[in-house]
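Structure at a glance
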Amino acid sequence: AVGPVPLQMARTQKNKATAHHLGLLKARLAKLRRELITPKGGGGGGPGEGFDVAKTGDARIGFVGFPSVGKSTLLSNLAGVYSEVAAYEFTTLTTVPGVIRYKGAKIQLLDLPGIIEGAKDGKGRGRQVIAVARTCNLILIVLDVLKPLGHKKIIENELEGFGIRLNSKPPNIGFKKKDKGGINLTATCPQSELDAETVKSILAEYKIHNADVTLRSDATADDLIDVVEGNRVYIPCIYVLNKIDQISIEELDIIYKVPHCVPISAHHRWNFDDLLEKIWDYLKLVRIYTKPKGQLPDYTSPVVLPYCKTTVEDFCMKIHKNLIKDFKYALVWGSSVKHNPQKVGKDHTLEDEDVIQIVKK
């Protein structure tokens, strides 16, 4: 085995006997990449390194795309059509985010410059941009409809390299380190790629010699590495195909059938409503309206929660952390309850467009 890791991988023929060798090389590559993404040493970096954007609003969308695909036109036109006056609170930063209001939610739009080609190898400002990309709730990959596929592949590879997994769920693998007892491998279904030997060699690469591993789905070496690395983020993604004014209706029909794709024209502002609708679907935000005692619910400014945090307690925390201390019970109207209103505790899960009234002690 000579030469850099990717070369060895390319040279290794695929069969049962080499599977665990490939697994090992993949693990080695993942480790090297992680060292590039996470800078070494204490919080060093000196002044002027920071590139963080204040997280405002209810969700954050990152825009990625090659130069000249119309990314900035799309950003400014979206922000122009749907934004509010205070869209430019952060002009000093390198990413100028816009804030749009849609269905009562404030959604932050961020341009993620320079992610493409070589950022994951630690070039340029790449690293800080990646850190921001990993905090997005949704990523929009803007492609030129005339040459979409080549670009799509490159961008996906870059994002994958930073531990960002698009439109996928975390692998269904149980993994628990132990102090002794060796590697215990349990598979609840047949495995086409991973066997005991491969799992052992991947874990050995991480100097893990005692662990329980449960494979609950047909998993790959990459899945196992993702779980061991433990720093992967799973982000939904929409492919925005721009410049559809340059193609035929027949071509447009075909694009419409591609999953996760929305064709638009940023310049002519065509199909923005479709794009926003899809963004809304993928963000899975939950709007909760508040009702002060003896008054009508306020339908103008909902409290917006991410779909994984929608209990009454999450709602209280979003408003103010002291609210939960004085919390007695809540009255809820809407689809999450059987009776309107219904008295609920802090563990009750709210649904989109519920109305809530908090009763304090």
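Everything discussed here concerns the structure shown above.
Small disclaimer: the values here were computed from a predicted structure and weren't measured. (Residues numbered from 1 in each chain as written. Predicted model: local features only at pLDDT ≥ 70, side-chain atom pairs only at ≥ 80, totals over all residues. Heavy atoms only, no water.)

**Some thoughts on the overall build of the protein**
Rule in force here: Where helices and strands are cited, they refer to DSSP runs of H or I of at least four residues and of E of at least two residues respectively, numbered from the N terminus. Relative accessibility decides the category of a residue: with a 1.4 Å probe and only protein chains considered, values under 20% of the type maximum give buried, values over 50% give exposed, and everything between is partly exposed. Contact criterion: two residues are considered in contact whenever any of their non-hydrogen atoms come within 4.5 Å of each other. Note on areas: Shrake-Rupley, 1.4 Å probe, and residue coverage restricted to the protein chains presented here.
Along the backbone of the protein there are 10 helices and 16 strands. For the protein, buried positions account for 45% of its 361 residues. Of the contacts formed within the protein by residues at least 6 apart in sequence, a portion of 67% connects residues at least 24 apart. Of the accessible surface of the protein, which amounts to about 18800 Å², a share of 54% is contributed by carbon and sulfur atoms.

**Structural notes on the nonpolar core**
Formally: Here the nonpolar core consists of buried residues drawn from Ala, Val, Leu, Ile, Met, Phe, Trp, Tyr and Cys, with membership extended through side-chain atoms lying within 4.5 Å.
Core analysis: the largest hydrophobic core is formed by 57 residues, its most contacted members being L74 and L275. Looking at which element gives the most residues to this core, the answer is helix 9 (residues 272-283), with 7 residues. With residues near it in sequence (within four places) discarded, L275 still touches L74, L78, L140, I238, V240, V262 and I264. In terms of nonpolar packing, the next biggest core, distinct from the first, is built from 19 residues, A27, I183, L203 and Y206 among them.

**A closer look at the sheet that holds strand 16 (residues 354-360)**
Heads up, the rule is: Here, strands pair whenever DSSP counts at least two bridges between them. In this analysis an axis means a line fitted to C-alpha atoms, helices contributing only their contacting stretch, and an angle means the value between N-to-C directions, from 0 to 180 degrees.
If you walk across this open sheet you meet the 5 strands as 13-12-16-14-15, and the pairing is mixed. Of all the strands in the sheet, the pair left with one neighbour each is strand 13 (298-306) and strand 15 (342-344). For this sheet the average axis-to-axis angle between neighbouring strands, irrespective of direction, equals 40°. With 3 bridges connecting them, strand 14 (residues 327-333) and strand 15 associate as antiparallel partners. Note that in strand 15 the partner of A330 across the bridge is V344. Sitting on the sheet, helix 10 (residues 312-319) touches strand 12 (285-290), strand 13, strand 14, strand 15 and strand 16, and the angle it makes with strand 13 is about 110°.

**As for the side chain of Q108**
Put simply, the rule reads: A 3.5 Å cut-off defines polar contacts: any pair of N or O atoms within that distance qualifies, except that in protein one atom must be a possible hydrogen donor and the other a possible acceptor, and neighbouring residues in sequence count only when both atoms are side-chain atoms.
Structurally, Q108 is set in strand 3 (residues 105-111). A relative accessible area of 0% places Q108 in the buried class. A polar side-chain atom of Q108 sits 3.1 Å from a polar atom in the side chain of R60.

**So, the state of the cysteines**
The cut-off we apply is this: Defined by distance alone, a disulfide is two cysteine sulfur atoms within 2.5 Å.
The final tally for this structure, using the stated rule, is 0 disulfides. Looking at C237, it has no disulfide partner, and the nearest cysteine sulfur is the one in C261, 9.0 Å off.

**What to know about the pairing of strand 3**
Taken across its 7 residues, strand 3 has 6 buried, putting it largely inside the fold. Relative to strand 3, strand 1 (residues 59-65) runs parallel, the two being bridged by 5 bridges. Bridge pairing in strand 3 links I61 to L109. The sheet contact formed by strand 2 (residues 98-102) and strand 3 spans 5 bridges and is antiparallel. Looking at strand 3, one finds that G98 is bridged to L109. Here strand 2 folds back onto strand 3 in antiparallel fashion, the turn holding 2 residues, of which K103 has a positive phi close to 50°.

**Comments concerning the sheet that holds strand 3**
A sheet is described by the order of its strands in space; here 6 strands give the open sequence 2-3-1-4-10-11, paired in mixed fashion. Of all strands in the sheet, those bounded by a partner on one side alone are strand 2 and strand 11 (261-263). With direction set aside, neighbouring strand axes in the sheet form an average angle of 25°. Looking at chain direction, strand 4 (residues 138-144) and strand 10 (residues 237-242) are connected through 6 bridges and run parallel. In the strand pairing of strand 10, I141 is matched with Y239. The sheet contacts of helix 9 involve strand 1, strand 2, strand 3, strand 4, strand 10 and strand 11, and relative to strand 10 the element is tilted by about 170°.

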